[in-house]
Amino acid sequence: LEPLNRITFAFNEFINQYLLGPVARGYNTALPDLVRNAISNLLDNVGAPVTLANDLLQGEFDRGLTTAARIMINTTAGVGGIIDVAEKLGFGGHEEDFGQTLAVWGVGEGPYLILPLLGPSNPRDGIGRFFADPFFDPLGYYLDTQELDAADYGVTALGGIVTYAGIVSDLERLRETSIDFYGALR
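No experiment lies behind these values; they were computed from the predicted model shown. (Residues numbered from 1 in each chain as written. Predicted model: local features only at pLDDT ≥ 70, side-chain atom pairs only at ≥ 80, totals over all residues. Heavy atoms only, no water.)

Undergrad: Report on the overall build of the protein chain, specifying residues and quantitative values.
TA: Scanning the protein chain from N- to C-terminus turns up 9 helices and 2 strands. When the helices and strands of the protein chain are read in sequence order from the N terminus, they spell out α-α-α-α-α-β-β-α-α-α-α. In terms of overall size, the protein chain behaves like a compact globule, its C-alpha atoms giving a radius of gyration of 18 Å where 186 residues would be expected to give roughly 16 Å. Overall size of the protein chain, expressed as C-alpha extent along the three principal axes, is 45 × 45 × 35 Å. In the protein chain, 11 side chains carry a positive charge and 24 a negative one; their mean positions are 7 Å apart. (Helix = DSSP H or I, 4+ residues; strand = E, 2+ residues; numbered from the N terminus. Rg over C-alpha atoms; globule rule 2.2 N^0.38 Å. Lys, Arg positive; Asp, Glu negative; His and termini not counted. Charge placed at Lys NZ, Arg CZ, Asp CG, Glu CD.)

Following this line, the structure appears as structure tokens:
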């Protein structure tokens with residue numbers, strides 16, 4: 001899939017250079033670390049039910065209990081998840097998705113695939129992210145049933161900005177130092 005991937009990669013690079021990169025750098029510059037961490041914590045807490053469902057589907061019941069404890073602690077004592085109180089109490093966080101669950105069940109990842117706007121992936125993870133994980137997302141389900149599409153898109157966009165803002169500097173360094181940026185990322 002390399003010829004198609006390189007075309008999609010070039011499209012993504014254009015979007016990164018002229019839209020996502022400036023937004024991510026502006027986000028990092030405009031907001032202090034404390035505010036960025038609070039937003040990231042809140043998004044992690046909102047996404048924790050997806051992790052919990054996948055912990056259980058993978059048979060990782062101890063990890064599932066830890067995730068459930070994190071949800072309860074951070075939602076209550078952490079003011080809806082803005083503060084990661086659970087981490088301070090020894091309940092470490094992690095992320096799981098249905099692509100990882102499929103891997104546990106023995107499903108192979110398939111070919112390397114660059115998705116428009118989303119970047120590197122593979123069919124297994126793409127199927128997990130777009131077709132299975134939304135069923136485990138109570139906020140997404142609520143916004144969908146209430147026909148609050150703009151809010152749903154906003155949460156998704158904010159999650160993308162937070163994720164990209166966290167890696168934009170590393171990607172810029174890699175871009176500057178690699179001969180073939182596509183190959184280096186792969």
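Undergrad: Before we move on, can you summarise the packing of aromatic side chains with the specific residues and values?
TA: Aromatic ring pairs are defined here through the distance separating the ring centres and the angle between the ring planes. Evaluated as defined, the whole model comprises 6 aromatic pairs. Judged by centre distance (5.7 Å) and plane angle (85°), the rings of Phe98 and Trp105 are edge-to-face. The exposure class assigned to Phe98 is buried, which follows from its relative accessible area of 14%. Owing to a relative accessible area of 47%, Trp105 belongs among the partly exposed residues under this scheme. The structure contains a cluster of three or more aromatic residues connected by ring pairs, namely Phe9, Tyr112, Phe181 and Tyr182. (Phe/Tyr/Trp six-rings, centres within 6.5 Å; stacked < 30°, edge-to-face > 60°. Buried < 20%, exposed > 50% of the residue type's maximum accessible area, 1.4 Å probe, protein only.)

Undergrad: Hey, could you go over helix 3 (residues 61-76) for me, with residue numbers and the actual values?
TA: With 16 residues, helix 3 extends 22 Å from end C-alpha to end C-alpha; this agrees with the ideal 22 Å at 1.5 Å per step. Looking at the packing, one finds that the buried side of helix 3 touches helix 2 (33-57) and helix 4 (85-88). (Expected span 1.5 Å × (residues − 1). Contact = heavy atoms within 4.5 Å.)

Undergrad: Explain the pattern of salt bridges to me, and be specific about the residues and the numbers.
TA: Scanning the model with the defined rule gives 11 salt bridges in all. Here Glu2 makes a salt bridge to Arg6, at a shortest N to O gap of 2.8 Å. Residue Glu2 and its partner Arg6 are located together in helix 1 (residues 2-30), separated by 4 residues, close to a single helical turn. For Arg63, the salt bridge identified is with Asp55, shortest N-O distance 3.4 Å. Its relative accessible area of 27% is what places Arg63 among the partly exposed residues. On the basis of relative accessible area, Asp55 is assigned to the buried category, the value being 0%. Through salt bridges that share partners, Glu2, Arg6 and Asp180 make up one connected network. (Salt bridge = Lys/Arg side-chain N within 4 Å of Asp/Glu carboxyl O.)

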